[in-house]
Each structure stands twice: as structure tokens, then as C-alpha cells.
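Below are the chains, spelled out letter by letter.
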Amino acid sequence: MQFGKTMGKLFTFCEWIMRLAYVNLLWFLFSLVGLVLLGIMPATVALFTIVRKWQLKETDLPIWKTFLSVYKQEFKKSNGLGICIGLSGVFIIFDFLYLRTVGGALQFTFFIPLLIITGFYVLTLAYIFPVYVHFELKTLDYIKNAFFLSVLNFHMTVLMLAASAAIIFLNLYQTSFIPFFSAATIAWILMFGGNYCFNRVGARQKKVSSAGRYGK
């Protein structure tokens, strides 16, 4: 009996490993289909959509059909968001490069604010895709909500970033994992943290709403 339970858990574990590997390969494939620059955003949105459904116990969804459908549907909108994120990142990089040419007190004066802005940028990135697949908003509202979630749930944000950094380090150390467990595992971590924060905010809003009704 105990052996049967152990084998059942082992089978379930292997099944999830195969699912993650499959959806990770789809992410690579569809990113290349869009020539990376145009493909990575819709492919990432499709990846997070599937991971979100899995975490909400929708485990029987057709992976290929769902991925393809979301990729096509979100191609234009997600790339609009990608342009905003990309331009912001390029702006930060160029600012750091420029500061290398500036010496003395001026460099220090601008370095600290730029470092803070970079920190906010990274915090926002941690939630941008969970927010995107969970809500239907305008482009700037995705960025705004992702930022506020990262700040209001800072403890979870730190855990999410630390776990993602560990996965990145593992993939750099063992590059054979990259085609199978890079983007998918990071998406799982970030979506798990995102769902935690969404549930926390929802519970808080419900508590405030209940308090308001009883206060009348």
C-alpha cells in the first residue's frame, strides 16, 4: 500500500517535470518564431497563462492549443507592453554607461538615484507577467499595479527574486537545463508569488468590505 502511494507520487512528479519541459520548449520555439524581439513577449504571456491555470488546478488543459491561442491573441498587446519595458531597460543601461564617463562627485550624485530606479524596475518586472495574465488592464496600469504589488508585498518579492536568481545560477552552472527548465521554472515561481499576493489583496478587500457593511 505504501509502495503504491510512493510510486503514485513519483509518477505525478515525473509528469509535472515533463509538462514543465514541454511548455519551456514551446516558449523557446515561439520566441524564435517571432524572431525573439517580437516573439518573446507573447511567448512569455502564453507560458504564464498556462502556469497560472495549472496553479489554479486546471491541469487538464490542452497545452499546445492553449499556448498557440494565447500567443496569437496577445501578440500585439503584449509587444506594446514589451516596448515600454524594453525602452525603460535600455534607458537605464545607457544611463549607467554614461555615468562611467563622468567622474567625481557628479557621478556619485547621479549613481544613487539611478540605482534606486533600477531596483524599482527589477521589482516591477517580478510581477509584470503575473499581473498581465491575471487582470485585463491598460498597458500603463499593468506597470503601475506590478510596482505597487512588489512594494506592498516586499517580503514575497525578495523570496521570488532570490528563488529566480537561484534558478538562473543553476542554469548557468548546468547549461543542459536551459532548454527544459529555465523560463518555465522561473514562471512557476513568479506566478506562485503573484497568486499569493492577489489572494492576500483579495482577502484584505473582502475584510474591508465586510467591515463597511457591518458598520452601517
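Residues numbered from 1 in each chain as written. Predicted model: local features only at pLDDT ≥ 70, side-chain atom pairs only at ≥ 80, totals over all residues. Heavy atoms only, no water.

J.: Sorry, what's going on with the environment of N153 here?
T.: The topology assignment puts N153 in the loop between α6 (139-152) and α7 (154-173). Considered as a pair, N153 and T118 are 35 residues apart in the sequence and their alpha carbons are 18 Å apart. The contact partners of N153, leaving out residues within four places of it in the chain, are Y127, C197 and R200. (Helix = DSSP H or I, 4+ residues; strand = E, 2+ residues; numbered from the N terminus. Contact = heavy atoms within 4.5 Å.)

J.: Is there a simple way to explain the side chain of T66 in this structure?
T.: Relative to the helices and strands, T66 is located in helix α3 (residues 63-73). When sequence neighbours within four positions are dropped, the list of residues in contact with T66 reads I50 and L61.

J.: In this structure, what is going on with the packing of aromatic side chains? I would like to understand it.
T.: When we look at a pair of aromatic rings, we describe it by the centre distance and by the angle of the planes. By the definition in use, this model includes 14 aromatic pairs. On the basis of an interplanar angle of 70° and a centroid distance of 6.0 Å, the ring pair of F96 and F111 is categorised as edge-to-face. Placement of the pair is F96 in helix α4 (residues 75-99) and F111 in helix α5 (residues 104-134), with a sequence separation of 15 residues. Linked through ring pairs, F30, W64, F67, Y71 and F75 together constitute an aromatic cluster. Across from the ring centre of W16, 4.5 Å away, lies the NZ or CZ of R19, which sits over that ring. (Phe/Tyr/Trp six-rings, centres within 6.5 Å; stacked < 30°, edge-to-face > 60°. Lys NZ or Arg CZ within 6 Å of the ring centre and 35° of its normal.)

J.: I keep staring at the packing of helix α2 (residues 40-55) against α4 and nothing clicks. Help me out?
T.: Helix packing geometry: the angle between the two helix axes and the distance between the axes. Between α2 and α4, the least distance of the axes is 8 Å, while the angle of their chain directions is 110°. In terms of orientation, α2 and α4 fall into the roughly perpendicular class. α4 is crossed by α2, and the crossing has right-handed handedness. In this structure, α2 uses M41, P42 and V45 to contact α4, whose residues at the interface are F75, S78, N79, L81, G82 and I85. (Axes fitted to C-alpha atoms, helices over the stretch in contact; angles between N-to-C directions. Parallel < 35°, antiparallel > 145°, perpendicular 65-115°, else oblique. Left-handed = near helix turned anticlockwise from the far one by under 90°.)

J.: Is there a simple way to think about unusual backbone geometry in this case?
T.: What you tend to see is this: most non-glycine residues have negative phi, and most peptide bonds are trans. Backbone geometry places V36, a non-glycine residue, at a positive phi of 65°. Here V36 lies in the loop between α1 (2-33) and α2. Judged by its relative accessible area of 40%, V36 is partly exposed. Not every positive phi belongs to a glycine, and K57 is a case in point at roughly 75°. Within the secondary structure, K57 sits in the loop between α2 and α3. (Buried < 20%, exposed > 50% of the residue type's maximum accessible area, 1.4 Å probe, protein only.)

J.: Got a minute to help me understand the nonpolar core in this structure?
T.: Ranked by size, the top nonpolar core spans 40 residues in total, and within it V23, L47, W54, F67 and Y127 carry the most contacts. Setting aside anything within four residues of it in sequence, one finds W54 in contact with W16, R19, L20, V23, T59, L61, I63 and W188. (Core = buried A, V, L, I, M, F, W, Y, C linked by side-chain atoms within 4.5 Å.)

J.: Is there a simple way to explain a nonpolar patch on the surface in this structure?
T.: A grouping of F108, F111, I112, L115, I116, F120 and V151 is seen on the molecular surface, where their side chains present a nonpolar patch of about 630 Å² in accessible area. If you tally residues by element for the nonpolar patch, the top one is α5, at 6 residues. Within the secondary structure, I112 sits in helix α5. (Patch = residues over 30% accessible without salt bridge, like charges linked within 9 Å, V, L, I, M, F, W, Y side chains within 5 Å. Areas by Shrake-Rupley, 256 points an atom, 1.4 Å probe, with all protein chains shown as cover. Salt bridge = Lys/Arg side-chain N within 4 Å of Asp/Glu carboxyl O.)

J.: Got a minute to help me understand the side chain of S78 in this structure?
T.: Positionally, S78 belongs in helix α4. In this structure S78 comes out as buried when scored by relative accessible area, which is 0%. Residues contacting S78, with those up to four places away along its chain left out, are M41, P42, V45 and Y132.

J.: I tried to follow α6 on my own but got confused; where do I start?
T.: Every α-helical turn comprises 3.6 residues, leaving residues that sit three or four positions apart pointing alike. The end-to-end C-alpha distance of α6, which contains 14 residues, comes to 21 Å, matching closely the 20 Å that a straight helix rising 1.5 Å per residue would cover. Within α6, the full set of buried residues consists of Y142, A146, L149 and S150. Along the axis of α6, the buried residues cluster in a sector spanning 100°; they form a single face. Residues of α6 that are exposed and angled more than 90 degrees away from the buried face: L140 and L152. (Expected span 1.5 Å × (residues − 1). Arc of directions from axis to C-beta.)

These values are about where atoms sit, not about what they do.
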